[in-house]
Amino acid sequence: MSSTNTLNVDFAMGVLSGPSIIESNRTLSDLAWIFADQAACEALDSSRVVYRVQSFQPGGDDTGGGLCWCATFLESGLVGDEYFMTAGHFHTKRNRDEYYSTVLGRGALILMDEARNSRVEWMTPGSTHYIPASTAHRVANIGPTRLSFLACWPSDAGHDYETIRLRGFSARLRCVDGQPTFVPQP
Ligand code: PA5
Ligand code: MN
């Protein structure tokens, strides 16, 4: 293995380090389209970082059989009554699966199949979630502190955000009376 393929994972914090890590941020302005309450979103600082991603993709994006490894750090917050969350996506190649494994914090993994049936799995440190093929996935931070999770998926899966941009998920996770509540969308 060449040194550029060296990866270190701090399993206490979920932080990756190594020479080939790619870092990216998603701010409220990048994510405005995912939240139901546009007025509440516009009232917040649009430069605020909602989540940061570190990814390690030694085989690039088109290597059949390759694997990617990634860490996501999702801040705590609300847009109206909706928790800070990831954009969410299907895999472009629908028959590609994924693992998410929680390191720190409390979250909700929102899953939706292609028939738009949705469900939620609760994320706590150590909980490891198998995301099956043809299943859109989005994570919401339902706790008072940052949520950190690790992911592993086939490097040729691709991220299809467009399908979510067009129709959204069929349910939203809302904070109702202080409790995360899974609310179906019309
Ligand atoms: O590949 C994945 O599913 C994750 O690494 C996500 O890309 C990451 O958690 C960020 O979420 P999203 O891609 O939906 O913005
Ligand atoms: Mn994915």
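Everything here concerns the structure above.
Residues numbered from 1 in each chain as written. Chains lettered and ligands numbered in written order. Predicted model: local features only at pLDDT ≥ 70, side-chain atom pairs only at ≥ 80, totals over all residues. Heavy atoms only, no water.

J.: Tell me about the sheet that holds strand 14 (residues 147-154), and name the residues and values.
T.: With antiparallel pairing, the six strands of this open sheet are ordered in space as 3-4-5-14-9-12. The two strands at the open ends of the sheet, each matched to only one other strand, are strand 3 (22-27) and strand 12 (128-131). Pairs of neighbouring strands in the sheet enclose a mean axial angle of 20°, with direction left out of account. Relative to strand 4 (residues 49-56), strand 3 runs antiparallel, the two being bridged by six bridges. Residue pairing across strands places Glu23 opposite Gln54, the latter belonging to strand 4. (Pairing = 2+ DSSP bridges. Helix = DSSP H or I, 4+ residues; strand = E, 2+ residues; numbered from the N terminus. Axes fitted to C-alpha atoms, helices over the stretch in contact; angles between N-to-C directions.)

J.: Explain the coordination of the manganese ion (ligand 2) residue by residue, including any values.
T.: At the metal site, the manganese ion (ligand 2) is ligated by His89 (NE2), His91 (NE2), Glu98 (OE) and His137 (NE2), and these contacts range over 2.1 to 2.3 Å. Between the donor residues of the manganese ion (ligand 2), the gaps in sequence give the motif H-x1-H-x6-E-x38-H. Glu98 shares its class with His91; the two are buried. (Donors = N, O, S within 2.8 Å, 3.2 Å for Na, K, Ca; no water. Buried < 20%, exposed > 50% of the residue type's maximum accessible area, 1.4 Å probe, protein only.)

J.: Summarise the environment of Leu173; cite the residues concerned and give the values.
T.: Along the chain, Leu173 turns up in strand 16 (residues 171-176). Here the alpha-carbon distance between Leu173 and Val183, two residues ten residues apart in the chain, equals 6.1 Å.

J.: Before we move on, could you go through the sheet that holds strand 13 (residues 135-141) and cite the residues and values that matter?
T.: The pairing of strands in a sheet happens through backbone hydrogen bonds and is either parallel or antiparallel. Taking strand neighbours across the sheet as the criterion, the three strands line up as 11-10-13 in an open arrangement whose pairing is antiparallel. Of all the strands in the sheet, just strand 11 (118-123) and strand 13 have a single pairing partner and so form its edges. In this sheet, adjacent strand axes meet at a mean angle of 20° when their direction is disregarded. Pairing between strand 10 (residues 107-113) and strand 11: six bridges, direction antiparallel. Opposite Met112, over in strand 11, you have Ser118 as the bridge partner.

J.: Could you give an account of the site of ligand 1, naming the residues involved and the relevant values?
T.: Around ligand 1, the surrounding shell holds 15 residues, and the nearest of these are Tyr51, Thr72, Gly88, Tyr100 and Tyr161. Between an oxygen atom of ligand 1 and a side-chain N or O atom of Tyr161, the distance comes to 2.5 Å. Burial of ligand 1 by the surrounding chains reaches 96%, relative to a free accessible area of 370 Å². Of all elements in the fold, only strand 4, strand 5 (67-74), strand 9 (98-104) and strand 14 reach the threshold of two or more residues within the shell around ligand 1. Taken together, the residues of the shell around ligand 1 break down into eight nonpolar, six polar and one charged. (Near = heavy atom within 4 Å. Polar contact = N/O pair within 3.5 Å; in protein donor to acceptor, adjacent residues only side chain to side chain. Areas by Shrake-Rupley, 256 points an atom, 1.4 Å probe, with all protein chains shown as cover. Nonpolar A, V, L, I, M, F, W, Y, C, P; charged D, E, K, R; others polar.)

J.: Go over the packing of aromatic side chains with me, naming the residues and quoting the values.
T.: In total, this model carries two aromatic pairs according to the counting rule given. Ring geometry for Tyr100 versus Phe149: centroids 4.8 Å apart, planes at 40°, classification tilted. In this pair, Tyr100 is assigned in strand 9 and Phe149 in strand 14, connecting sequence segments 49 residues apart. Residue class for Phe149 comes out buried when judged on its relative accessible area of 3%. Directly above the ring of Trp33 sits Arg165, whose terminal nitrogen or CZ lies 4.4 Å from the centroid. (Phe/Tyr/Trp six-rings, centres within 6.5 Å; stacked < 30°, edge-to-face > 60°. Lys NZ or Arg CZ within 6 Å of the ring centre and 35° of its normal.)

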